[in-house]
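Spelled out, the chains give:
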Amino acid sequence: MFSALLAAALVATAAPALAQPGTVAQAAEPNQVQGLTVTQGDGFATLAWTRVEGASDYQIERTALAADGTPGTPVVVGVWRPNRQVNNTEPTFADAGFAPGGRFQWRVRARFGTTEQPYSTPVDGTTRSHWGDPGTPGENLRTQWEQTLGAQYTSDVNEYAYTAAIDEASDRVRVVEIGRTVQERPINMLVIGYPKPPATPEAVAATNPLMVNCNVHGNEPGDREACLIMARQLAFTKDSQTLGLLGKTTVLIVPTINGDGRAANTRGNSTGQDLNRDHSLIRQPETRALAEMVRDYRPIAGYDGHEYGNTNTGDLPMLPPRHQNVAQGIFDQSQDMIEGHMYGRGAEDGWWACPYGCTPGANVGLSEETILRNTLGLKNVVNSLLELRSSGGPTRPDEGNTANNRRRKTYSALWTFTEFFKYHGANVKDITRVRDEGVTSQSANDGRIVFRGSRKIEAYPAPHPGEAPPPVDAPTPDRILEQAPCAYRLTEEQYHGERTDGPAGKRTTVAQRIAAHGWKVVKVADGYLVPLAQPQRGLIPLLLDGQAVEGLVAGERIAPTLTGTHNGPLTVSGVACLDGATVRGPIQVRSGAALIVTGSSINGPVNAADAAGLFVTDSRVSGPVHATGTRGPVVLVGNELSGPVGVSGGKATAPLLAGNTVAGPLTCSGNAPAPTNLEVANTVRGPKTGQCAQL
Amino acid sequence: MPDTLVPGPRPGPASRAARRRRAATGAALALLLAVTGCGGPAEEERAGAQPTGSAAPGAVAGPLCDALPSGAEPGSPASLVGRPPAEALAWIPVLTMFEAAVRATGMAEELAAAGGLTILAPTDDAFRATFSTANLDRLLLSDTETLRRLLREHLVDGARSAAELVAAGSVTTRAGTTLTVTAAGSGARLADKAVTVCADYRAAGARVHVIDKVLGDLPHTADEEDQHH
């Protein structure tokens, strides 16, 4: 994986044919590019050279060399422009598209306006062959795309065979089926760890996994081929740095959720639904499979692979989750991954990452929560969109050749996913911190709700990318709800009623979709409550509020029932919602009642026996908290609790205890399923016992 | 993965560079004929093409040929000689839309019909220049009757070389449309609209000519949307 680091840079030498008898060294001509080096990567070669003062751009020329060194026809394969990289003082260009393993020579020349300056002396080198020793079982596997030298993309059948062969040959890889498409094609995922991947989703979730979603639009297949190659590299590499990273986490690669669209060469699935407009609504089995995977495996970071038709953009347009309901830390960290890591590493290796849109007036990259980039952000996953520019455009003029074009796209995706893995490894503490903050801040249900509207992304300082930041896409007043409700109430019909959206025979109810997202729901006498005091708070109103732009169902907004001070005992029957309240006295939640507490202070014991649900977030409780035999969810997130805290005999759903500080003891017993913390640890000063011993 | 995925290298044409030189010569000659204005059909035929059956296996011609698999590469013209037409289409990398359309309409058998067929296959760029992505999805997924008619606008009975099409002067498609055919460099211009950009792939019982425009009269929808992630 990281053998690029080991590759020797080939220093410019005068080609023998050009050497004059008796000449020791050629004198540089005016404005001739000097210091050209070529470093081989997987499917690309990084050219670097010394900047020529006054150059407006550079042309990169590549010439194939026959076995005996005879040069073929020179081709200008690249144009370097100043907006290409953040660091203009050390220009680089990732040349790609050539068939792996070939021998070439490269030259670079500056242009002043349109006036061409002299070419550098050539540098030759042999490019890397397809990754993996052809004589070593496992390593010698090749995809259909590799075998056909890019003439064909890997078919569904070949994907299944290839990934099964990797699984068979490597202890590090397990292929799991996470769902089926409308046409019943398996949707597979490679679960990759070292020396082997954890056995269950829950165990994987404990390793801070990262995910790559490789193919959403069936007619954008470039990223998927990179994923299949990366899976082989991770399965068989001997690189100690890679294995070191892989030993600490789990890589989740989903080659294609849209197998039907890939087979038909359509953007949508077999019903024509654009799956990247369905990740919140999950009308389709493909998006539901991915949502359930995210719920169960809990990746902390992700990339979502696409291709983009604008020929004037960079090689690799990227964008973070921008919806304003996404936690600030998740947005910031995603931006750091893109601007802090990818832009800088791109400048070193010669790839041109840019903020999606990348050119003025591109009305793309907005706040639709239906788009995976935003959906994942709303689920507290640091992530980015990745686009591969569809055609070569003016900066890669040799891509009329389809194979060249396909290879450039796929190897640029491979570079990105590899860098993503490295970024994750180097920043796992920061990523988990913002995840923790996201879970606790969302669960606090504090602040306004925005139905549509993006965080602003400032233009990166010129010259990179120079042209334009993504559109502002600020929320309009009618898309803002200043006072967030405490919960939404759905009727039985809304919750369990038959739907008309989604493919016939595979339609799902609101209840099933909410379950796929992993939201906590309280069954009450007159329906179903979905409290906002939970980790996906930013997503809930986008589906359940009547004001939502692409809502699922218009639930009834439940306002807080107490926002001031209450002195004396408080007995809850029915539904009580305390927001920013102060209670001086004991709280008793009666059998079948539900209590939701956010941002409040309680001086006294909280006792819920046989309650329908108990939610306490972002609050301070001086006194014991006991939930016994709760019929629905127990959610305790981001609280300061004096303790003792006891959760026992819970039914139907796993109690969530995350990010709390508990001064006293924490005891859990007899809950089925057992309590979880979503990997957001609690600070417990007293003893932790029973089912909560590890929380 | 099984090696059978790859049509094995077969005796191919000369090197890519040689083929490029040959194509350039042909183009220059055709240009000369056009400029001098004395290039009658007979001369065109001598300059641009050879009768069916006598050309080297896999000799294709047109400006796009250089950008497609050649020589011993998988999908080269020589490797496709004698393959069923639908299979051959899957090896020509600029034809992913056309090939998907053949599968979507279940027309593989029709392409292999007895008596031979000429397949005028528009490139992916041609499809994208004509139809929006949403329109293409609609054609491929639900409006396959329209798609079938569209494909038949690109099928002509009898396996004919580009030179034979030019010599005929006009042909009738399986959709019933009459296309005028004139010479265009070493290839053919169809309905004064499309030109062959890599002509004369030989599949079993069929000639495949890659063309640069979509034929037929379906509405142009390419400008209707800004496709993005």
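Procedures and definitions
Residues numbered from 1 in each chain as written. Chains lettered and ligands numbered in written order. Predicted model: local features only at pLDDT ≥ 70, side-chain atom pairs only at ≥ 80, totals over all residues. Heavy atoms only, no water. Domains from an automatic or database assignment. Contact = heavy atoms within 4.5 Å. Buried area = accessible area lost by both parts, 1.4 Å probe. Disulfide = S-S within 2.5 Å. Buried < 20%, exposed > 50% of the residue type's maximum accessible area, 1.4 Å probe, protein only. Helix = DSSP H or I, 4+ residues; strand = E, 2+ residues; numbered from the N terminus. Polar contact = N/O pair within 3.5 Å; in protein donor to acceptor, adjacent residues only side chain to side chain. Nonpolar A, V, L, I, M, F, W, Y, C, P; charged D, E, K, R; others polar. Phe/Tyr/Trp six-rings, centres within 6.5 Å; stacked < 30°, edge-to-face > 60°. Lys NZ or Arg CZ within 6 Å of the ring centre and 35° of its normal. Pairing = 2+ DSSP bridges. Axes fitted to C-alpha atoms, helices over the stretch in contact; angles between N-to-C directions.

(A) Here's a closer look at the domain arrangement of chain A. Residues and elements named next belong to chain A. When cut into domains, chain A gives domain 1 (3-126), domain 2 (154-442), domain 3 (481-558) and domain 4 (565-690). Relative to domain 3, the C-alpha centre of domain 2 lies at a distance of 28 Å. On the domain 3 side, the residues contacting the 25 residues of domain 2 number 22 residues. Summed over both sides, the interface of domain 2 with domain 3 buries roughly 2,000 Å², with 60% coming from carbon and sulfur.

(B) Structural view of the state of the cysteines. All names here are of chain A. Under the criterion given, the structure shown has 5 disulfides over all chains. Note on cysteine connectivity: cysteine 354 is disulfide-linked to cysteine 358, with sulfurs 2.2 Å apart. Between cysteine 354 and cysteine 358, the S-S dihedral sits near 80°, and the bridge is therefore right-handed. Each of the two residues, cysteine 354 as well as cysteine 358, counts as buried. One disulfide bridge connects cysteine 668 with cysteine 692, the sulfur atoms lying 1.7 Å from each other. On the S-S bond that ties cysteine 668 to cysteine 692, the torsion sits near -75°, and the link is left-handed. A residue pair is termed long-range when its members are at least 10 positions apart, and cysteine 668 in strand E40 (residues 666-669) and cysteine 692 in the segment after strand E42 (688-690) qualify at 24 residues. Counting only the cysteines that form disulfides, in the order they appear in chain A, gives the pairing 1-2, 3-4, 5-6, 7-8.

(C) Region of interest: the interface of chain B and chain A. The partner chain A presents 42 residues to the 30 residues of chain B that form the contact. In total, chain B and chain A occlude about 2,600 Å² of area from one another, counting both sides; carbon and sulfur atoms represent 54% of this. Inspection of the chain B/chain A interface yields 7 residue pairs in polar contact (both at pLDDT 80 or more). Secondary-structure elements contributing two or more residues to the side of chain B that touches chain A are helix H1 (16-36), helix H5 (96-104) and helix H8 (133-141) of chain B. A breakdown of the residues in the side of chain B that touches chain A according to their chemical character gives 17 nonpolar, 5 polar and 8 charged.

(D) Focus on the packing of aromatic side chains. Residues and elements named next belong to chain A. According to the stated counting rule, one finds 13 aromatic pairs over all chains in the structure shown. Ring centres of phenylalanine 44 and tryptophan 351 lie 5.3 Å apart, and the angle between their planes is 65°; this geometry places the pair in the edge-to-face category. Residue phenylalanine 44 is located in strand E3 (residues 44-50), and its partner tryptophan 351 is located in the loop between helix H8 (328-349) and strand E16 (353-355); the two are separated by 307 residues in the primary sequence. Side by side, phenylalanine 44 and tryptophan 351 carry an identical accessibility label, which is buried. Ring geometry for tyrosine 495 and tyrosine 528: centres 4.0 Å apart, planes at 25°, overall stacked. Remark: tyrosine 528 occurs in strand E22 (residues 527-531) and tyrosine 495 occurs in helix H12 (residues 492-496); sequence separation between them is 33 residues. What makes tyrosine 528 buried here is its relative accessible area of 8%. In this structure an aromatic cluster arises from ring pairing among Trp49, Tyr58 and Trp80. Cation over ring: arginine 62 sits above phenylalanine 104, and NZ or CZ is 5.5 Å from the ring centre.

(E) Examining the sheet that holds strand E23 (residues 556-558) of chain A more closely. Residue and element names in this part refer to chain A. Spatially, the 4 strands line up as an open sheet ordered E21-E22-E20-E23, and their pairing is antiparallel. Each end of this open sheet is capped by a strand with a single partner; those strands are strand E21 (522-524) and E23. Within this sheet the neighbouring strands show an average axis-to-axis angle of 30°, counted without direction. Inspection of the sheet shows E21 paired to E22 by 3 bridges, in the antiparallel sense. Of the residues in E22, the one forming a bridge with lysine 523 is tyrosine 528.

(F) Examining the pairing of strand E20 (residues 487-490) of chain A more closely. All names here are of chain A. Along E20, one buried face is formed by Ala487 and Arg489 and the opposite face, lined by Tyr488 and Leu490, is buried too. Strand direction decides the pairing type here: E20 and E22, joined by 4 bridges, are antiparallel. Residue pairing across strands places arginine 489 opposite leucine 529, the latter belonging to E22. Pairing of E20 with E23 involves 3 bridges; the strand directions are antiparallel. Looking at E23, one finds that alanine 487 is bridged to isoleucine 558.

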